[in-house]
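Commentary on secondary and tertiary structure
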Amino acid sequence: MTRFAKIERNTNETKIAVELNLDGTGQVEIKTGIGFMDHMLDLFFKHGLFDGKIIANGDTWIDDHHTAEDISIVLGQVFREALGDKKGIKRYGTVFVPMDDALAQVVVDCSNRPHLEYRIEPTLNAKVGTFDTELVHEFLWKFALEARINLHVIVPYGHNTHHIIEAIFKALARALDEAIQLDPRVKGVPSTKGLLT
């Protein structure tokens, strides 16, 4: 069984096309027009062992906000669609990832109850290159909302803003990979309600 989906979203601000195979090996093609976003998404696919494609054209002459936000919306929608009925999955994932000076913990629950807790103790620099770091929160919130997952992101320490954000994206990918793994012991969906959709 291959868990795959693709979605296109076209607005007056952006044109986004995303393909996602949850059962891949980390092969991805990414072109967003935002260098730092390309880097983080490449890490996401590689560390989650997802295959896919993200092609985005947005109004980056204004700033990166619309493009980053719309990528996260479509990526969340594609993740949710690819995951399907969630039968047999582990449901929860918890991962710690160090990146030099920084440590990130990401905890996910593929619960159909979207929520984001974003607890970053160190103060991030306003920018990494030309990328506005406040967009990290925006990206994670919209992804959690559209994927309909409960997402907790915790960074207790770190000095380098690039390292902190990189650790978050790596940990997110690995926590999702853990949560979506099929467990032969799980019959139906892992919920006493009998429903996760």
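See the structure printed just above.
Keep in mind it's a predicted model, so treat the numbers as computed, not measured.

With respect to the sheet that holds strand S10 (residues 150-157)
Pairing is mixed in the open sheet, where four strands are placed in the order S5-S6-S10-S7. Lying at the two open borders of the sheet, with one neighbouring strand each, are strand S5 (92-99) and strand S7 (115-120). Shown here is a sheet whose adjacent strand axes are inclined to one another by a mean of 10 degrees, direction ignored. Direction of pairing for S5 relative to strand S6 (residues 102-109): antiparallel, over a ladder of eight bridges. In the sheet register, Val-97 faces S6, and the bridge partner there is Ala-104. Its contacts with the sheet put helix H3 (residues 134-147) on S7 and S10, and the angle it makes with S7 is roughly 155 degrees. Lying over the sheet, helix H4 (residues 161-179) contacts S5, S6, S7 and S10, oriented at roughly 150 degrees with respect to S5.

Here we look at the side chain of Thr-133
Structurally, the position occupied by Thr-133 is in the loop between strand S9 (131-132) and H3. A residue is classified by how much of its surface remains accessible, and Thr-133, at 6% relative accessible area, is buried. When neighbours within four sequence positions are excluded, Thr-133 is seen to be in contact with Leu-124, Asn-125, Ala-126, Lys-127, Val-128, Thr-161 and Ile-165.

Re the sheet that holds strand S4 (residues 51-58)
Two orientations exist for strands paired in a sheet by backbone hydrogen bonds: parallel and antiparallel. Judged by pairing direction, the sheet is mixed, and its four strands sit side by side in the order S1-S2-S4-S3 without closing on themselves. Both outer strands of the open sheet, strand S1 (4-10) and strand S3 (28-31), are each paired with one neighbouring strand and no more. Ignoring which end each strand starts from, the neighbouring axes of this sheet average 5 degrees apart. With respect to the sheet, helix H1 (residues 35-48) is in contact with strand S2 (14-21), S3 and S4, its orientation differing from that of S3 by roughly 165 degrees. Docked against the sheet, helix H2 (residues 65-83) engages S1, S2 and S4, running at close to 30 degrees with respect to S2.

Some details on H1
With 14 residues, H1 extends 20 Å between its outermost C-alpha atoms, agreeing within 8% with the 20 Å of an ideal straight helix rising 1.5 Å per residue. Residues Phe-36, Met-37, Met-40, Leu-41, Leu-43, Phe-44, Phe-45 and Gly-48 constitute the buried set of H1. Looking one or two places after H1, you find Leu-49, whose phi comes out positive at around 55 degrees.

Regarding the packing of H2 against H3
Their axes nearest at 7 Å, the elements H2 and H3 cross at an angle of 30 degrees. One finds that H2 runs roughly parallel with respect to H3. The two elements H2 and H3 meet at a crossing, and its hand is right-handed. Note on element contacts: H3 touches H2 through Leu-135, Glu-138, Phe-139, Lys-142, Phe-143, Glu-146 and Ala-147, opposite His-65, Ala-68, Glu-69, Ile-71, Ser-72, Ile-73, Leu-75, Gly-76, Gln-77, Phe-79 and Arg-80. Residues that form the contact of H2 with H3 fall into these classes: nine nonpolar, four polar and five charged.

Considering the packing of aromatic side chains
Tallied over the entire structure, the rule returns seven aromatic pairs. Where Phe-44 meets Phe-50, the ring centres are 5.4 Å apart and the plane angle is 50 degrees; that geometry is what we call tilted. As far as the burial class goes, Phe-44 and Phe-50 line up, both buried. Considering the side-chain rings of Phe-45 and Phe-50, the 6.5 Å spacing of their centres and the 85 degrees angle between planes classify their relative orientation as edge-to-face.

Comments concerning unusual backbone geometry
Positive phi outside glycine occurs at Leu-49, with the angle close to 55 degrees. With respect to the element layout, Leu-49 can be found in the loop between H1 and S4. Judged by relative accessible area, which is 41%, Leu-49 ranks as partly exposed. The backbone of Arg-148 shows a phi angle near 60 degrees, a positive value even though the residue is not glycine. Within the secondary structure, Arg-148 sits in the loop between H3 and S10. Assessed through its relative accessible area of 25%, Arg-148 is described here as partly exposed.

Thresholds applied
Residues numbered from 1 in each chain as written. Predicted model: local features only at pLDDT ≥ 70, side-chain atom pairs only at ≥ 80, totals over all residues. Heavy atoms only, no water. Pairing = 2+ DSSP bridges. Helix = DSSP H or I, 4+ residues; strand = E, 2+ residues; numbered from the N terminus. Axes fitted to C-alpha atoms, helices over the stretch in contact; angles between N-to-C directions. Contact = heavy atoms within 4.5 Å. Buried < 20%, exposed > 50% of the residue type's maximum accessible area, 1.4 Å probe, protein only. Expected span 1.5 Å × (residues − 1). Parallel < 35°, antiparallel > 145°, perpendicular 65-115°, else oblique. Left-handed = near helix turned anticlockwise from the far one by under 90°. Nonpolar A, V, L, I, M, F, W, Y, C, P; charged D, E, K, R; others polar. Phe/Tyr/Trp six-rings, centres within 6.5 Å; stacked < 30°, edge-to-face > 60°.

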